[in-house]
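The lines below spell out each chain.
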Amino acid sequence: MAYFSKHYHAPGTAPGTLVSTDSDHKMSIHLMDYSGDHVEEQRLATAEECQDYLERDSKTWIQVNGPVDANTLRALGDMFDLHDLALEDVLNSGQRPKMELYDDQVFLIAAMPMFDGDRLEVVQVSLFAGPGYLICLCPLEEDPFEPVRKRIRQPNNRRFTSRGIDYLLYAMLDLITDSAFPVLETFGDKLEEMEIDLLEHPRKQTLTALHHLKRELLMLRRVLWPQREALTTLMRMENSLIHQDILIYFRDCQDHSIQIIELLESFRDMATSMLDIYLSSISQKTNDTMRVLTIIATIFIPLTFIVGVYGMNFEHPESPWAMPELGWYYGYPMVWGLIIAVTAGLIWFFKRRHWM
Amino acid sequence: MAYFSKHYHAPGTAPGTLVSTDSDHKMSIHLMDYSGDHVEEQRLATAEECQDYLERDSKTWIQVNGPVDANTLRALGDMFDLHDLALEDVLNSGQRPKMELYDDQVFLIAAMPMFDGDRLEVVQVSLFAGPGYLICLCPLEEDPFEPVRKRIRQPNNRRFTSRGIDYLLYAMLDLITDSAFPVLETFGDKLEEMEIDLLEHPRKQTLTALHHLKRELLMLRRVLWPQREALTTLMRMENSLIHQDILIYFRDCQDHSIQIIELLESFRDMATSMLDIYLSSISQKTNDTMRVLTIIATIFIPLTFIVGVYGMNFEHPESPWAMPELGWYYGYPMVWGLIIAVTAGLIWFFKRRHWM
Amino acid sequence: MAYFSKHYHAPGTAPGTLVSTDSDHKMSIHLMDYSGDHVEEQRLATAEECQDYLERDSKTWIQVNGPVDANTLRALGDMFDLHDLALEDVLNSGQRPKMELYDDQVFLIAAMPMFDGDRLEVVQVSLFAGPGYLICLCPLEEDPFEPVRKRIRQPNNRRFTSRGIDYLLYAMLDLITDSAFPVLETFGDKLEEMEIDLLEHPRKQTLTALHHLKRELLMLRRVLWPQREALTTLMRMENSLIHQDILIYFRDCQDHSIQIIELLESFRDMATSMLDIYLSSISQKTNDTMRVLTIIATIFIPLTFIVGVYGMNFEHPESPWAMPELGWYYGYPMVWGLIIAVTAGLIWFFKRRHWM
Amino acid sequence: MAYFSKHYHAPGTAPGTLVSTDSDHKMSIHLMDYSGDHVEEQRLATAEECQDYLERDSKTWIQVNGPVDANTLRALGDMFDLHDLALEDVLNSGQRPKMELYDDQVFLIAAMPMFDGDRLEVVQVSLFAGPGYLICLCPLEEDPFEPVRKRIRQPNNRRFTSRGIDYLLYAMLDLITDSAFPVLETFGDKLEEMEIDLLEHPRKQTLTALHHLKRELLMLRRVLWPQREALTTLMRMENSLIHQDILIYFRDCQDHSIQIIELLESFRDMATSMLDIYLSSISQKTNDTMRVLTIIATIFIPLTFIVGVYGMNFEHPESPWAMPELGWYYGYPMVWGLIIAVTAGLIWFFKRRHWM
Amino acid sequence: MAYFSKHYHAPGTAPGTLVSTDSDHKMSIHLMDYSGDHVEEQRLATAEECQDYLERDSKTWIQVNGPVDANTLRALGDMFDLHDLALEDVLNSGQRPKMELYDDQVFLIAAMPMFDGDRLEVVQVSLFAGPGYLICLCPLEEDPFEPVRKRIRQPNNRRFTSRGIDYLLYAMLDLITDSAFPVLETFGDKLEEMEIDLLEHPRKQTLTALHHLKRELLMLRRVLWPQREALTTLMRMENSLIHQDILIYFRDCQDHSIQIIELLESFRDMATSMLDIYLSSISQKTNDTMRVLTIIATIFIPLTFIVGVYGMNFEHPESPWAMPELGWYYGYPMVWGLIIAVTAGLIWFFKRRHWM
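Predicted, not measured: the structure shown is a model, and the values here were computed from it.

A. Expanded view of the sheet that holds strand 2 (residues 38–44) of chain E. Residues and elements named next belong to chain E. Strand order in the open sheet formed by seven strands is 2-1-3-7-6-5-4, with mixed pairing between adjacent strands. Edge positions in the open sheet fall to strand 2 and strand 4 (98–102), since each of these has one partner strand only. Within this sheet the neighbouring strands show an average axis-to-axis angle of 15 degrees, counted without direction. Relative to strand 7 (residues 133–138), helix 2 (residues 70–80) is tilted by about 160 degrees, and along the sheet it contacts strand 1 (28–35), strand 3 (59–65), strand 5 (105–116) and strand 7. Most of the contacts of helix 4 (residues 146–153) go to strand 1, to which it runs at about 30 degrees, and overall it touches strand 1, strand 2 and strand 3.

Put into structure tokens, the structure is as follows:
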């Protein structure tokens, strides 16, 4: 996840300029139409094919997976009267999650975090909801909303199918919001591991991993804060789209959203605190190393001096001052006695200082 | 207490899905019915047995201890018309404390911190309060609300029994809130101990303990903040459940809640500050160690050089330059004089620098 | 000042439970009654003796000094109709400062900081003010409100005596608030001293002192913030107790309260900053020590090697390779030449690096 | 970018004092007049020449590039009735972005960040918008608003030309706001590079670069925060200048503005975190260096002591205590045995401590 | 600038107690009276002399420079009906800037920062403004408001003289506010210098200077924040003193006030960041020193061991094991070969680790 991951046009470009992004992935359009006991599904070749379903009284869900091309987007824009600026936002990925209200239509940009292997990725999902229809554009080739589809397909699930577009919108936003939980669970596990590493074997790799985690938490937070805000705005808007009895579901979804952010914040706090732990652990290790060196050096350097003294070659046939110790009967054992005394003294000194 | 301790369903699961958690503990249902001078208690086998009490004019308190199974929960849900989302929250532990108002019913999730041996645990207590009844679900096998029960059982305690469900709700929330005080007291004592350790004998274990404490404080804060908020919402809601003259009790409870959070915050501040103290203490220790090494090395390394000089074997029968000192009458004492002079000079140097 | 200094009952205890605190100090009750030119003072043996004064039109100030016993408190509670929760708060010291309005009565818990020798202490003062009376309970044996009493006693001080209970309440709150100024002055002086110490002779004692100061500032802040808030609530309440023309005095008092908090915050900022200074100073000192060691070691270790070379005992009667230098005419002076050259070179190197 | 980059008059100077700034750059005035299909462009020699265009019904855009001289400014001020304080602000660069409403005229100071080589520069753009005219003053010699001009010149671009002054104002503010994106992209790339450097080869240069980046981010934030605020004020003002259907464009612009600030904040967070990483990396490196020294010293210092012992010259013809080892048959190999044993022991010690 | 610089009376002192401060400076009173084309100036001996001017329709500005004595203050208080608390604030310097409204009179305490040599000082200016008069008390002997006086004296400056007291008040507050700009400019320059010092030659003096700067910034911020607030309150008050068309001037003044605070905050941020830089630089330096020591020690300690080996005195007439190397023909050159090989190996090791 790069520091700057936004697609944007050169400053001064006219608003609503649509440029398809290059991609190897294929676009697919999937339509689902349901009401009460009736559920119909179809793969569409072009956006225009959905026209028939719009006149019906049923709920129509148009799902565009993979990178949408500018023409399809323009066709959808014309059919559903979507605003130019909204269409531009769909193509320029890396947008800030937001909620925009155009007359009786709601436009939402949501961010769905997920792991692509070991790398965190944030997928931008664009949603248009209006009376009787919901358009969802998701750049992933595989449809992440399959669980919702399954619930609709379930026979006799009138609890879903007889409700309006607002319930479908809730189901999708709930899935998007909750997709942060497995991500956070992984982060929590990682933090747990790092913590043990840092306290026991502070290594450079842990520092690197910690830094990357902190960065991912920061990036995630940057999209989840405005997402929560957008959800709040959606619930507060004075619009007939969301019915009173569905509001409680949105509130539950918002509650999860708040809990996710609080978890994120406490993870960030802990990651910062762990950095301090790392520094302290390294300092402690340096201190330990230092202590070993000091003990060894402090014991052996004076001893080396002592033995150095008696390695000197002073010689004078008559002088009684010319290293008489060298000729003493017990000279050598006395030096050893001195060596042992100095060593014992220093060990006592180190013990008293709690260095040993 | 894990970083991520929330139970959740896979994203996309239908709201209100109830899955019993596996547990070795047993569930028990306890009913208490009181009004004025009448107090009645009973252990129930199934949730349905409480039906009789509901039609009476008295206050009925249904306490479910231990892990509630999905069927009992569903039965309670049907009898008291509890919302699907609320029931789901009861089972998915690790919820954010919150207050939800459904018509004339209040649903509260509260967090009760306690020590399980040396480990901090946060127990999720779920409360439903409606006209004439209060349902409380607590995953602990032992009933933590026994003190409240005792107060009701007290003969002639009309101050309690003649008041409504709101007073019972207050009594329970007060117990939940105040249960943070002993926890904080323990934390305060731990901090006190660590402080002394850190300033006097900075050790790795203290660092680890401090880190764990900081983590527990953070986790605790994550549940107590929304709890306070929920309490505020409860007091402000426009509902006939809580009477004007009971409000003052809730205000007292909220006051404790604020004081607890302020204590938490100041504990966190001190814990962070202590981490800095640890780092400074370690640096100070390294500096002290360093100084000992430097003093010893600086004194003995030059001395070793001096005695090394006179250990050289230069010899030339005729040269007056071939280490004449070795043959001087007072050569050896002069070297000792030099050694003492150098040592004295260095000690003077260290004294001036306040290193000794 | 302990981290956790609150007295509390076991969670689940009935509200309004009164337990006298054990204490060696004695309780005394002092009554002052004044209006216009009339001032009367009396020591009371029991709380009930004040009954006579209550019916008069004058202002009655009942001051309870020292640890109040539960019976006296209950008697006062009955006479003045004080709320159970308020009475409990009076006894459970370590409360959060607060303002509570019961009908025409105001209950205030205020915190008065003072030094007990070198230790900061925060005394909890409880105030009840109603039409014509003010009750003040202070756990200190000596009356801290003597200066107010003096002002009342002053002859012809109608500016005080002709005003209502609100002016007396202001005078007392003003004294409580202002008592933080000498405390802050002492803190300021301490900071000043520590600053000099830290920058010049960073020692462990200063670190300990700084940590204790930081802790005291934090604890002080924990009580002064809610005190300011309580004052604001008092001024904003819609009650006839405080007259419009006295409000300006309360505003002045609140202003001091804000200034005190701002001072506290800037002291905390500086204390935190000083911790960083300490760490930097220690690092600087380690660096200096290190440099001395490195210079000494770097100069003498190579020299010791050189003299070591010529201390070797290679000997071969015929070999021209067996340490011929030892037999050279100028061998020994040449070694000294080498020693001086190496030393000069290293000194030049250290000078260039600005290490000497 | 200097810490303090504001031009200001001496305190006490009368408001509205205009002093031209010295500059080698030349001023040029460019006029664009359009409405529907008609577009006209002209270079003006003096400000007064635009008079003719003002009476027409078309939109007139007067662009002053380069350092504006006081006379031209005064002339514009007289013609368009611009406020003295506003004119002063135009000349005193380094102003805080702001929005000021004078009757039917809007005055805006905006900040346009751009790289001048490798140095970040913030250009102050001053805008006056009134009914039918927009005056823009930009101290750059080259016109940064050329892309907007191009869009107007495009044949049949009635979507632009038929709209009012508000759409032109939006187009210009959009360009100014979006010009932060390339700047942030560069910052993101720099951060990415530094991160790799810091984790792999922490060097002083990276520290310097990081510090400069942090400083630039801080300076940028200082102008972009008030800019966002000014934009919000502009959108909320009760004025007929901005029409309802253009508001959505301004909202898009504001959205970008918020996203830019959020990016800035997260960049700052990462830069601060990187400083900690640097410190940790350096500490780690010191620890590594330390370890090498300790291993070498700890192994060789005792060995040097051992060989020092047998370099002593104790000699006594009769004493059996005078270094008998020197005369043993296997004395020398035994010393080597001791040396190898000590080395092996120390290596085992280091391995166990994970130092090797 | 001391940490605690407030003058205050002992807690419990009656409000409005006036005590002159001891000072060597002299007080002087200056009066300026103007309206339209008429301007009159006079030095007053006593406060009472201004009486004549008050009855006129003109604007009267009474400026008291130097330490005001309690009597003069009381005289002014009586003449202009100034509130006791306000008079007390004038004498007790070190007040928090504030705005107080008494009926038709405005009382302002403002803080004017300035450098007294190299020391930052904050001068407390007290202002009373009422219909037709403005009293300004400033403890400096020299009048800092001379530039305003000059503007009034200017012939035909009806733009100033024909406006009311509100414009005079603005002119004075503008001068007070803007006096922070030169101070900030100096701070900016100092920061710039320190930054270079810290990155290139981190020294203790820079640390001390940085700490003092940080402290001054904090102190300055403590007075400028409430000053901004007071200005806002002044502008929002519902009072006839400030006319609608003068408000825009006050808004400009407030704008400067905000910009000053934002600059202060960013300076503080940078100062904090520089402290981290200092610590990192010191650590880097320690690391560099360490590396030199390690390289030297690691190369020479093993070499000293080698030459120590051949300084041993093993001798046995028959043993082939008694240091046979000493008798080898090429023994000595072989030792040199070993020395060179070990040195080369270690240099290669250090090169690979990028330590050389």
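B. Fine view of the relation of the copies chain A and chain D. Structural alignment of chain A on chain D gives an RMSD of 0.1 Å, achieved by rotating through 72 degrees and translating 0.0 Å along the axis. The superposition operator between the copies reduces to a five-fold rotation axis. Within chain A, the C-alpha atom positioned nearest to the axis of rotation is that of Gly311(A), 4.7 Å from it. Different-surface contact between copies: only 18% of interface residues of chain A are shared with the interface of chain D.

C. Layout of the domain arrangement of chain A. Partitioning chain A into domains gives domain 1 (26–278) and domain 2 (311–351). For domain 1 of chain A versus domain 2 of chain A, the separation of C-alpha centres amounts to 83 Å.

D. Layout of the pairing of strand 6 (residues 119–130) of chain D. Residue and element names in this part refer to chain D. The buried fraction of strand 6 is high, at nine of twelve residues. Pairing geometry for strand 5 (residues 105–116) and strand 6, over eleven bridges, is antiparallel. Residue pairing across strands places phenylalanine 107 opposite phenylalanine 128, the latter belonging to strand 6. Two elements, strand 6 and strand 7 (residues 133–138), share five bridges in a ladder whose sense is antiparallel. Bridging from a neighbouring strand, alanine 129 pairs with leucine 134 of strand 7.

E. The arrangement of helix 6 (residues 165–178) of chain B in detail. Taking 1.5 Å as the rise per residue, helix 6 of chain B with 14 residues should run 20 Å; its terminal C-alpha atoms sit 20 Å apart, in good agreement. Judged by how many residues are buried, helix 6 of chain B sits mostly within the fold: 14 of 14 residues are covered.

F. The nonpolar core, seen in detail. In this structure, Tyr310(A), Tyr310(B), Tyr310(C), Tyr310(D) and Tyr310(E) are the most contacted members of the largest nonpolar core, which totals 125 residues. Here Tyr310(E) is in contact with Gly311(C), Met312(C), Asn313(C), Phe314(C), Tyr332(D), Met323(E), Glu325(E), Leu326(E) and Val335(E), once residues within four sequence places are set aside.

G. Representation of the relation of the copies chain C and chain E in the model. Note on the copies: chain C fits chain E at an RMSD of 0.1 Å, the axial shift is 0.1 Å, and the rotation between them is 72 degrees. Counting the interface residues of chain C, we find that no more than 16% of their copies in chain E are interface residues as well, pointing to two distinct contact surfaces.

Calculation notes
- Residues numbered from 1 in each chain as written.
- Chains lettered and ligands numbered in written order.
- Predicted model: local features only at pLDDT ≥ 70, side-chain atom pairs only at ≥ 80, totals over all residues.
- Heavy atoms only, no water.
- Pairing = 2+ DSSP bridges.
- Helix = DSSP H or I, 4+ residues; strand = E, 2+ residues; numbered from the N terminus.
- Axes fitted to C-alpha atoms, helices over the stretch in contact; angles between N-to-C directions.
- Contact = heavy atoms within 4.5 Å.
- Least-squares fit on C-alpha atoms with pLDDT ≥ 70 in both.
- Domains from an automatic or database assignment.
- Buried < 20%, exposed > 50% of the residue type's maximum accessible area, 1.4 Å probe, protein only.
- Expected span 1.5 Å × (residues − 1).
- Core = buried A, V, L, I, M, F, W, Y, C linked by side-chain atoms within 4.5 Å.

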